[in-house]
Amino acid sequence: MIRDAIESDLPAICAIYNDAVLNTTAIWNEQPVDLANRQAWFQVRQAQGYPILVSIENDEVTGYASFGDWRPFEGFRYSVEHSVYVRNDQRGKGLGPRLMEALIERARTCGKHVMVAAIESGNRASVRLHERLGFITTGQMPQVGIKFGRWLDLTFMQMALNPGAEPPKE
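Residues numbered from 1 in each chain as written. Predicted model: local features only at pLDDT ≥ 70, side-chain atom pairs only at ≥ 80, totals over all residues. Heavy atoms only, no water.

**Digging into the packing of helix α1 (residues 10-23) against helix α2 (residues 35-48)**
For the pair α1 and α2, the least separation of the axes is 9 Å and the interaxial angle reads 110 degrees. The orientation of α1 relative to α2 falls into the category roughly perpendicular. Here L10, P11, I13, C14 and Y17 of α1 lie close against α2, whose contacting residues are L35, R38, Q39, W41 and F42. A per-class count over the contact of α1 with α2 returns 8 nonpolar, 1 polar and 1 charged. (Axes fitted to C-alpha atoms, helices over the stretch in contact; angles between N-to-C directions. Helix = DSSP H or I, 4+ residues; strand = E, 2+ residues; numbered from the N terminus. Parallel < 35°, antiparallel > 145°, perpendicular 65-115°, else oblique. Contact = heavy atoms within 4.5 Å. Nonpolar A, V, L, I, M, F, W, Y, C, P; charged D, E, K, R; others polar.)

**A look at the nonpolar core**
Grouped together as the largest cluster of nonpolar side chains are 22 residues, with contacts concentrated most on F67, M100, I104, M115, L133 and F135. Leave out the neighbours within four places in its chain, and F67 touches R45, Y50, P51, V80, E81, H82, L103, R106, A107, C110 and M115. I13, W41, I52 and V61 belong to the second-largest nonpolar core, a separate cluster that totals 18 residues. (Core = buried A, V, L, I, M, F, W, Y, C linked by side-chain atoms within 4.5 Å. Buried < 20%, exposed > 50% of the residue type's maximum accessible area, 1.4 Å probe, protein only.)

**Some details on the layout of surface pockets**
Estimated volume of the largest pocket: approximately 1,200 Å³. Together, 41 residues line the largest pocket, and A26, S83, V84, Y85 and S126 are the ones closest to its centre. Put simply, the parts of the chain that give the lining of the largest pocket at least two residues each are α1, α2, β3 (60-69), β4 (79-86), α3 (95-109), β5 (114-120) and α4 (124-133). Of the residues belonging to the lining of the largest pocket, the class tally is 18 nonpolar, 14 polar and 9 charged. (1 Å grid on protein atoms, 1.4 Å probe; cavity = no way out; pocket = protein on both sides within 12 Å on 5 of 7 lines; lining within 4 Å. Points joined across faces, edges and corners; volume = space filled by probe spheres on them.)

**Quick word on the packing of aromatic side chains**
Overall, the coordinates contain 5 aromatic pairs when judged by the stated rule. Seen from their ring centres, W70 and F76 are 5.2 Å apart, and the 80 degrees between their planes marks the pair as edge-to-face. A residue is classified by how much of its surface remains accessible, and W70, at 30% relative accessible area, is partly exposed. Ring centres of F73 and F76 lie 6.3 Å apart, and the angle between their planes is 55 degrees; on these two criteria the pair is classed as tilted. Residue classification places F73 among the partly exposed positions, given a relative accessible area of 48%. Clustering of aromatic rings is evident, with ring pairs tying together W41, Y64 and Y85. (Phe/Tyr/Trp six-rings, centres within 6.5 Å; stacked < 30°, edge-to-face > 60°.)

Pasting the structure below:
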């Protein structure tokens, strides 16, 4: 089941996030966060009207997905960057694609035009998932990050949520 996150989901979301921080290159932060950090993040997303979706199995959060502003300038207001994280013992079970599909639909509902993905280039599974969903690679940035004592490359991908749509009249 995929549903909107509620505040009581935040400890599980925090644990999934911190596992990614400590054990993967999916998040380029090196320090785990506390629950207060995830509560502040949750409140900002709610204030922006942006979703945080969770996948639930046996009453446990098994993954989550969200999006936020891609860049903080007015001209980018129709573009969002997303994040999707699946609990380490649930990876490979199809949760990522289901969360992504639900998130893409929510971005369309919010009137967004482009969804951006910033993926560590070595994460071939994530790149392939995004390709299957219709994202295209739009940029490669070698050695722009560092984690675990090595340089990390960044792959940018994007999806037009409403291809061919005219810009809104404002």
